[in-house]
Amino acid sequence: MNRTITIADSAAAKDIFGPLHRHVALIQDSFRKGESHSVDIRVSGNEVVLTSDDAGELARAEGIFATLTRHFDLRRKLREAEVRAAIAFATPDADGQIELRDLPTLGTFTLQTPRQQRYVEAMRSESKPLVFGVGPAGTGKTFLAVTAAVEALRNGLVDKIIVTRPAVEAGERLGFLPGALEEKVDPYLQPIWDAFRSQMRDEELKQRREQNKIEVAPIAFMRGRTLTNAFVIVDEAQNATIQQMKMVLTRLGQGSQMVVTGDPSQIDLPNERASGLGHALSILDKMRRIEVVRFTAQDVMRHDLVAEIVEAYDDDERRRRQAT
């Protein structure tokens, strides 16, 4: 079976195909089945010719190009991230049809996988005041949490953003570090500030910090507080102890949203079994008003090689466990 797609807008065709047809190569690779492909994709001028013996796969390929064409029509710009998103979201329904849809967004960022979309929907939901985002580095756990927090603050849904994180990376205690509290904590929160700066200008970030609309503090400083009308991000939670995790989770006050992020494979505690993240998930996972989103290598937003590296380490860890 053959399908021919004509992209009338030459600018759209250029962006959809990508430099040296790199985007087409990405789409083609998504149909790899062993040494062959379930769909063959060929480009001639502004036309794309799809060939396949599988009607469902053919519909999926058509859906990818239709989504990318619609995205370009709306944004007049198309990057590799959007191509990967179109591939991830192109899933046929029960009748083998692909729904023509806009790629989901958070602010100006295009969500790239269904799990990222579920994560964002949970953070926006009033029925899910506590959300866990768990998985490997590069899957957008922290970046999306900060972006959702900024959205909530700007929309008046919360009064402030509170970011907390255990400071155990270098085995140092904050009391022995020089400077005021923010100076002690900031080195541990550079990824957080990078995410904030992607959403607001330095002037706005500085102003909101001075107004205490954006607050950073180590987990130890959460004790005794009730966090009301706030968007709370507990980052690098795999390095919180069980006692710290219980303490910070029970700080949740009325009108607040709490997002807990962490990677169980990167525990820096002396005793991995003491990690509060794994313990919390084991006892809270089934609670109705708590959402747990478990990211995988397929959700990695960094270079595509990173996903392969994550998978290689996961495979190695499984082999080591089987050997013991």
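Source: prediction; values computed, not measured. (Residues numbered from 1 in each chain as written. Predicted model: local features only at pLDDT ≥ 70, side-chain atom pairs only at ≥ 80, totals over all residues. Heavy atoms only, no water.)

Student: Talk me through helix H1 (residues 10–17); I want residue IDs and the actual numbers.
Tutor: Here H1 has its buried residues at Ala12, Ala13, Ile16 and Phe17. Take H1 and look down its axis: the buried residues cluster within an arc of 120°, on one side only. Residues Ser10 and Lys14 are exposed on H1 and point more than 90 degrees away from its buried face. Of the surrounding secondary structure, the elements contacted by the buried residues of H1 are helix H2 (22–29), strand S4 (40–44), strand S5 (47–51) and helix H3 (55–75). With a side-chain oxygen positioned 2.9 Å from the backbone nitrogen of Ala11, the residue opening H1 is Asp9. (Buried < 20%, exposed > 50% of the residue type's maximum accessible area, 1.4 Å probe, protein only. Helix = DSSP H or I, 4+ residues; strand = E, 2+ residues; numbered from the N terminus. Arc of directions from axis to C-beta. Contact = heavy atoms within 4.5 Å. Polar contact = N/O pair within 3.5 Å; in protein donor to acceptor, adjacent residues only side chain to side chain.)

Student: Pulling in residues and values, what's your account of unusual backbone geometry?
Tutor: At Leu20, a residue that is not glycine, the phi angle is positive and equals roughly 55°. Of note, Leu20 is situated in the loop between H1 and H2. Positive phi outside glycine occurs at Arg76, with the angle close to 60°. Overall, the relative accessible area of 48% leaves Arg76 in the partly exposed class.

Student: Which residues make up the packing of aromatic side chains, and what values go with them?
Tutor: A full pass over the atoms with the stated rule returns three aromatic pairs. Seen in terms of ring centroids, Phe109 and Phe143 are 5.2 Å apart; in terms of plane orientation they differ by 70°. Their pairing is edge-to-face. Placement of Phe109 in strand S7 (residues 109–110) and of Phe143 in helix H6 (residues 141–154) is noted, with a sequence separation of 34 residues between them. Given a relative accessible area of 15%, Phe109 falls into the buried group. Measuring from centroid to centroid gives 5.5 Å for Trp193 and Phe196, while their planes differ by 35°, and the two rings are tilted. Of this pair, Trp193 and Phe196 both sit in helix H8 (residues 190–197), three residues apart, which is roughly one turn of that helix. The pair Trp193 / Phe196 is uniform in exposure class, with both members buried. We note Arg60 situated over the ring of Phe31; from NZ or CZ to the ring centre the distance is 4.1 Å. (Phe/Tyr/Trp six-rings, centres within 6.5 Å; stacked < 30°, edge-to-face > 60°. Lys NZ or Arg CZ within 6 Å of the ring centre and 35° of its normal.)

Student: Describe the side chain of Gln199, and please don't skip the residues or the numbers.
Tutor: Here Gln199 is to be found in the loop between H8 and helix H9 (202–210). At 3.1 Å, the side chain of Gln199 and the side chain of Ser198 are in polar contact.

Student: I'd like a rundown of the pairing of strand S13 (residues 290–294), residues and numbers included.
Tutor: Burial analysis of S13 places four of its five residues in the buried class, the great majority of the element. Bridge count for strand S8 (residues 130–134) against S13 is five bridges, and the pairing is parallel. Counted as the bridge partner of Phe132 is Val292 from S13. (Pairing = 2+ DSSP bridges.)

Student: Describe the packing of helix H5 (residues 114–124) against H6, naming the residues involved and giving the relevant values.
Tutor: The N-to-C vectors of H5 and H6 enclose an angle of 35°; their axes lie 10 Å apart at closest approach. Crossing handedness for the pair H5 and H6: right-handed. Judged by residue contacts, Gln116, Tyr119, Val120, Met123 and Arg124 of H5 engage Lys141, Leu144, Ala145, Ala148 and Glu151 from H6. When its residues are assigned to classes, the contact of H5 with H6 shows six nonpolar, one polar and three charged. (Axes fitted to C-alpha atoms, helices over the stretch in contact; angles between N-to-C directions. Left-handed = near helix turned anticlockwise from the far one by under 90°. Nonpolar A, V, L, I, M, F, W, Y, C, P; charged D, E, K, R; others polar.)

Student: Please provide a residue-by-residue account of the confidence of the model for the protein chain, values included.
Tutor: On average, residues of the protein chain score 87 in pLDDT, and 90% of them are at 70 or above. Highest mean pLDDT in the protein chain belongs to S8 (98); lowest belongs to helix H7 (residues 181–185) (56). (pLDDT = per-residue confidence, 0-100.)

Student: Outline the pattern of salt bridges, listing residues and values.
Tutor: Within this structure, the stated rule accounts for 22 salt bridges. Lys128 serves as the salt-bridge partner of Glu291, at 3.5 Å between the closest nitrogen and oxygen. Of the two residues, Glu291 is situated in strand S13 and Lys128 in the loop between H5 and S8; the sequence distance between them amounts to 163 residues. Accessibility expressed as a relative area gives 14% for Glu291, which makes it buried. Judged by its relative accessible area of 19%, Lys128 is buried. A salt bridge links Arg165 to Glu236, with the shortest nitrogen-to-oxygen separation between them at 2.9 Å. With Arg165 in the loop between strand S9 (160–164) and H7 and Glu236 in the loop between strand S11 (230–234) and helix H10 (242–249), this pair connects stretches of sequence that are 71 residues apart. Given the relative accessible area of 7%, Arg165 is considered buried. Members of the salt-bridge network, linked through shared partners, are Arg22, Glu80 and Arg84. (Salt bridge = Lys/Arg side-chain N within 4 Å of Asp/Glu carboxyl O.)

Student: Give me the lowdown on the nonpolar core, citing residues and values where you can.
Tutor: Counting residues in each nonpolar core, the largest one holds 33 residues, and the members touching the most others are Tyr119, Met123, Ile161, Phe196 and Phe231. Counting only elements with at least two residues in this core, the list comes to H5, H6, S9, H8, strand S10 (214–217) and S11. In terms of residues, this core owes the most to one element, H6, which gives eight residues. Other than its neighbours up to four places away in sequence, Ile161 contacts Ala149, Val150, Leu153, Phe196, Lys213, Ile214, Glu215 and Phe231. (Core = buried A, V, L, I, M, F, W, Y, C linked by side-chain atoms within 4.5 Å.)

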